Amino acid sequence: MILLTMIARVSDGLPLAASIHNEETAPNMPEYQSKAKKLFRRLNSTSPSRCSLESGAYTFHYQIDSGVCYLALAGCNFSKRLAFSYLDDLRREFANQFDTVRVDSVARPYHFIEFEQYIKKARRSFVDSRANRNLAMLGAELQDVQRIMVENMDEVLARGESLATLDDKASHLSLLSRRYRDDAAYLNLRSVYARYGIACVALA
């Protein structure tokens with residue numbers, strides 16, 4: 001279940017819109033709102049465009065596009081693919097309603113608070129069980145969400161580490177993984193050649 005949705009400007013972390021969906025079931029919601037705001041202030045133009053940050057029993061999922069960050073707090077068991085499909089739906093509608101020039105010009109927090117009505121509508125449609133059956137259609141452009149980086153929110157905030165640093169680490173791990181696969185394939189090929197070589201010697 002999605003408990004909190006926030007939208008913020010990446011350049012300065014200014015909150016643009018928000019909606020708390022289940023304050024009764026999560027009484028410590030102000031704490032998670034505070035963490036979300038801290039995260040917004042850590043983001044910059046080089047931060048990962050999509051990321052999941054675990055925090056206790058919940059996970060922050062965010063997506064950045066055109067200088068705007070779309071964030072949702074959900075239970076750890078909530079589908080990552082569904083969460084990012086939800087964020088992508090918000091991204092499309094927000095960009096449709098508010099152009100970049102307007103977003104860049106506002107100075108007051110929650111300037112686009114009227115967008116909360118669409119957030120609530122979108123959340124209902126994605127949380128509804130029928131949304132799961134339509135997931136392939138709703139999130140067709142979200143390729144391979146398993147590759148989205150997952151980190152611990154509290155550790156990231158405590159270290160004061162920028163999200164750009166995390167992206168560098170993820171890229172390094174991806175490079176090491178590709179090298180490992182290439183080396184493994186080479187060794188397997190050599191093993192095949194060795195077996196056939198022995199067989200040819202025996203036949204001769």
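Whatever comes next refers back to the structure up there.
About the criteria used
- Residues numbered from 1 in each chain as written.
- Predicted model: local features only at pLDDT ≥ 70, side-chain atom pairs only at ≥ 80, totals over all residues.
- Heavy atoms only, no water.
- Helix = DSSP H or I, 4+ residues; strand = E, 2+ residues; numbered from the N terminus.
- Expected span 1.5 Å × (residues − 1).
- Buried < 20%, exposed > 50% of the residue type's maximum accessible area, 1.4 Å probe, protein only.
- Polar contact = N/O pair within 3.5 Å; in protein donor to acceptor, adjacent residues only side chain to side chain.
- Disulfide = S-S within 2.5 Å.
- Contact = heavy atoms within 4.5 Å.

> So what's going on with helix α2 (residues 80-97)? Which residues, and what values?
Between the first and last C-alpha of α2 there are 26 Å, a value that for 18 residues agrees with the 26 Å anticipated at 1.5 Å per step. By the burial criterion, the buried members of α2 are Lys 80, Leu 82, Ala 83, Phe 84, Ser 85, Tyr 86, Leu 87, Asp 88, Asp 89, Leu 90, Arg 91 and Phe 94. At the N-terminal boundary of α2, the capping side chain belongs to Ser 79, with an oxygen 3.3 Å from the backbone nitrogen of Arg 81.

> Which residues make up the state of the cysteines, and what values do they have?
By the definition in use, this model includes zero disulfides. Distance from the sulfur of Cys 51, which forms no disulfide, to the nearest cysteine sulfur (Cys 69) is 9.8 Å.

> So what's going on with the side chain of Thr 5? Residues and values would help.
By secondary structure assignment, the location of Thr 5 is in strand β1 (residues 2-9). On the basis of relative accessible area, Thr 5 is assigned to the buried category, the value being 0%. Only 2.7 Å separates the side chain of Thr 5 from the side chain of Tyr 86, close enough to count as a polar contact. Apart from the residues within four sequence positions on either side, Thr 5 is in contact with Ala 17, Ala 18, Ser 19, His 21, Leu 71, Ala 72, Tyr 86, Leu 90 and Ile 119.

Shape descriptors only; they carry no functional weight alone.
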